[in-house]
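Descriptive analysis of the structure
Chain residues, written in single-letter form:
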Amino acid sequence: MMNAELIAVGTELLMGQISNTNAQYLSQRMAEIGIAVYHHAVVGDNLERAQKVLGIAKQRGADVIILCGGLGPTEDDLTRQVVASFLGKNLILSDEIVEHIRSFYTYRGREMPENNKQQALVIEGATVLDNPRGTAPGQYIEADGVHYFLLPGPPAELKGMYQEQVLPILQRVQGEAKQVFASRYLHTFNIGESALVLKIKDIIDAQSNPTVAPYASEAGCTIRLTASSANEAEARALIAPVESAIRERIGHYVYGVDDETLPVKPGLLLRERGERMVTAESCTGGLIGQLLTDIPNCSDYFYGSIVAYDNTIKEKVLGVDSQVLREHGAVSAQTAKQMAEGARKVMGVEWAISVTGIAGPGGGTAEKPVGLVYIGVAGPGGTTVGEHRLFGDRSQVRLRAARTALHSLIERIQNER
């Protein structure tokens, strides 16, 4: 099996000015064709340090080394010089690339700056990778059994170049050694990573192919099962019995698989049933609606949100009883129940979820501390309300409340099937 290292070049990455999304993209794409990415590196625009990182990658036995960025026209765009010097090769000016770059500017009615010629320097013996989306061409060269790729930093340019030109080269050089990776993701909620690991530790320890890797995020814990084989069908077959064993232990915590994340899953369930939903939000201020509307075609099932931040909206729009607000307060199970029921009635849909709580940093009391949130779900089978004690700062409480609300809806829909 071939292995690869990814080297991102650019001081702006080290300073946190931009995110290294190229590494994520390339790792995913290469795993699909059975090339294991063993290391990521980020190095600034410095010739000596970049050469050192390149040398380390080669010493570790990388079959493929992909350098991203540093192919621009400025003095600190050093990737071409780094690789040429490392391999003991000359840089040769390509008149053809100069004319390509010039035409790029001419089309826009501008004159090509002289320093753009730097982008036309080609490593001796390298194959030029065309870049119809920008002025910086990529390059590919094989030396001492290692395959080097120089790709542009802008993600749109890199992705197009990888798919159209890098991928065919990688598939060719793989030959008979090709292995395919397949992964299955089990998304869980209401269980922490440490508790999850304890429940399935023996299953994790017993596996080598597939591997089992739990990891935590703000959206809950995910278990990744990854297998390698000669083809995808065989890899999936290796995963299936291990997934079954895990589900026997913690199946009630699993709400979705693969792309079925918390914002996605409600739509899958509602489409299947031909039903619709709305939200009534107080402390989350429309955040649940935002998570849902991030999903394409959510208008099939999501009608909208009523942001009832002030009690006046709770009363006059959602129909919350003023006596309930006086006796129990805006942050109460009773208010959450009437918010959900009112939203469902006003909008004429099958499902409604409501959230009311104290996000902080102020407003909490001994009886109702910061992080106290009530979530109501009103549906065809009635209304349920859950009390939740969430932790974190204001933004964390709001986001965790929104995600907990979506999970509460998922559970209700699944239970009423």
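Residues numbered from 1 in each chain as written. Predicted model: local features only at pLDDT ≥ 70, side-chain atom pairs only at ≥ 80, totals over all residues. Heavy atoms only, no water.

Axis separation between helix H9 (residues 265-273) and helix H14 (residues 394-415) bottoms out at 9 Å; the angle between their running directions is 30 degrees. Here H14 runs roughly parallel to H9, going by the angle between their axes. The crossing of H9 and H14 is left-handed. Residue-level contacts link Lys 265, Pro 266, Leu 269, Leu 270 and Arg 273 of H9 to Leu 406, Leu 409, Ile 410, Ile 413 and Gln 414 of H14. Split into classes, the residues belonging to the contact of H9 with H14 amount to seven nonpolar, one polar and two charged. (Axes fitted to C-alpha atoms, helices over the stretch in contact; angles between N-to-C directions. Helix = DSSP H or I, 4+ residues; strand = E, 2+ residues; numbered from the N terminus. Parallel < 35°, antiparallel > 145°, perpendicular 65-115°, else oblique. Left-handed = near helix turned anticlockwise from the far one by under 90°. Contact = heavy atoms within 4.5 Å. Nonpolar A, V, L, I, M, F, W, Y, C, P; charged D, E, K, R; others polar.)

Applying the stated criterion across every chain, the model contains four aromatic pairs. An angle of 85 degrees between the planes, with centres 6.1 Å apart, marks the rings of Tyr 25 and Tyr 162 as edge-to-face. Here the residue Tyr 25 occupies a position in helix H2 (residues 21-32), and Tyr 162 occupies one in helix H6 (residues 155-174), the gap between them amounting to 137 residues. In terms of burial, Tyr 25 and Tyr 162 fall into one category: buried. Positioned above the aromatic ring of Phe 104, the side-chain terminus of Arg 108 is 3.8 Å from the ring centre. (Phe/Tyr/Trp six-rings, centres within 6.5 Å; stacked < 30°, edge-to-face > 60°. Buried < 20%, exposed > 50% of the residue type's maximum accessible area, 1.4 Å probe, protein only. Lys NZ or Arg CZ within 6 Å of the ring centre and 35° of its normal.)

A contiguous patch of negative charge, built from Asp 310, Glu 315, Asp 321 and Glu 327, is present on the exposed surface. Within the element layout of this structure, Glu 327 appears in helix H12 (residues 322-328). (Patch = residues over 30% accessible without salt bridge, like charges linked within 9 Å, V, L, I, M, F, W, Y side chains within 5 Å. Areas by Shrake-Rupley, 256 points an atom, 1.4 Å probe, with all protein chains shown as cover. Salt bridge = Lys/Arg side-chain N within 4 Å of Asp/Glu carboxyl O. Lys, Arg positive; Asp, Glu negative; His and termini not counted. Charge placed at Lys NZ, Arg CZ, Asp CG, Glu CD.)

Another aspect to go through is the side chain of Thr 284. In this fold, Thr 284 is placed in the loop between strand S13 (277-281) and helix H10 (287-293). The exposure class assigned to Thr 284 is buried, which follows from its relative accessible area of 0%. At 2.7 Å, the side chain of Thr 284 and the side chain of Glu 281 are in polar contact. Sequence-distant contacts of Thr 284, defined by excluding residues within four places in its chain, comprise Val 355, Arg 398, Ala 401 and Ala 402. (Polar contact = N/O pair within 3.5 Å; in protein donor to acceptor, adjacent residues only side chain to side chain.)

Now for the sheet that holds strand S16 (residues 372-379). Taken in spatial order, the five strands line up as S14-S13-S15-S16-S17 in an open sheet, and their pairing is mixed. In this open sheet, the two edge strands, each paired with only one partner strand, are strand S14 (302-307) and strand S17 (382-389). On average, adjacent strands in this sheet sit at an angle of 15 degrees to one another, irrespective of strand direction. Of the pairings in the sheet, the one linking strand S15 (residues 351-357) to S16 comprises six bridges and is antiparallel in character. (Pairing = 2+ DSSP bridges.)

Two numbers describe how H2 lies on H6: the axes approach to 11 Å, and their chain directions differ by 25 degrees. With respect to H6, the element H2 is oriented roughly parallel. Once H2 is placed against H6, the crossing between them reads as right-handed. Residues Thr 21, Asn 22, Tyr 25, Leu 26, Arg 29 and Met 30 of H2 touch H6, and the partners they reach there are Pro 155, Leu 158, Lys 159, Tyr 162, Gln 163 and Leu 170. Looking at the contact of H2 with H6 residue by residue, the class counts come to seven nonpolar, three polar and two charged.

Strands sit in the order S2-S1-S3-S8-S7-S6 across an open sheet of six strands; the sheet is mixed. Of all strands in the sheet, those with a lone pairing partner are strand S2 (36-43) and strand S6 (127-129), marking the two edges. Averaged over all pairs of adjacent strands, the angle between strand axes in this sheet comes to 20 degrees, irrespective of strand direction. By the bridge criterion, five bridges tie strand S1 (residues 3-9) to strand S3 (residues 64-68) in an arrangement that is parallel.

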